Amino acid sequence: MARRLVTGAELLLWWAALTLLWIVLIGPVDTLEWLVGAGAGLIAAAVACRARRAAGAR
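Summarised in this report is the structure supplied together with it. Small disclaimer: the values here were computed from a predicted structure and weren't measured.

1. Structural notes on the pattern of salt bridges
Step number 1: What the rule picks out here adds up to 2 salt bridges.
Step number 2: For Arg52, the salt bridge goes to Glu10, with nearest N and O atoms at 2.5 Å. With Arg52 in helix α2 (residues 31-56) and Glu10 in helix α1 (residues 2-26), this pair connects stretches of sequence that are 42 residues apart.
Step number 3: By relative accessible area, Arg52 is classed as partly exposed at 43%.
Step number 4: The closest approach of N and O atoms between Glu10 and Arg53, which form a salt bridge, is 3.3 Å. Remark: Arg53 occurs in helix α2 and Glu10 occurs in helix α1; sequence separation between them is 43 residues.
Step number 5: Residue Glu10 is classed as buried on the basis of its relative accessible area of 11%.
Step number 6: Salt bridges sharing partners connect three or more residues here, namely Glu10, Arg52 and Arg53.

Procedures and definitions
Per chain, the residues get numbers from 1 upward, laid out in the order the sequence is written. Thresholds applied to this predicted model are a pLDDT of at least 70 for local features of residues and 80 or more for the giving and counting of side-chain atom pairs; totals over whole chains, interfaces and linings are not thresholded and use all residues. For the side-chain quantities, the full set of heavy atoms in the structure was used; hydrogens and water were omitted. We define a salt bridge as a contact between a side-chain nitrogen of Lys or Arg and a carboxyl oxygen of Asp or Glu at a distance within 4 Å. Secondary structure is summarised from DSSP: a helix means a run of H or I of at least four residues, a strand means a run of E of at least two, and numbering begins at the N terminus for each. The rule is simple: take the accessible area with a 1.4 Å probe, protein chains only, and divide by the maximum for that residue type; under 20% is buried, over 50% is exposed, in between is partly exposed.

This is the structure in structure tokens:
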């Protein structure tokens, strides 16, 4: 259970950071750009978590 919480927190932090980066880099935003940024951030966050775990397993 604790591992799931850590994984969820890590995913949430990656998602927030990557979504914020998307919004900052894109400039003036509207609702559609927020949704696209959040979706792209979620996909990138999942990949970042998997990559970190794969690199740590060595």
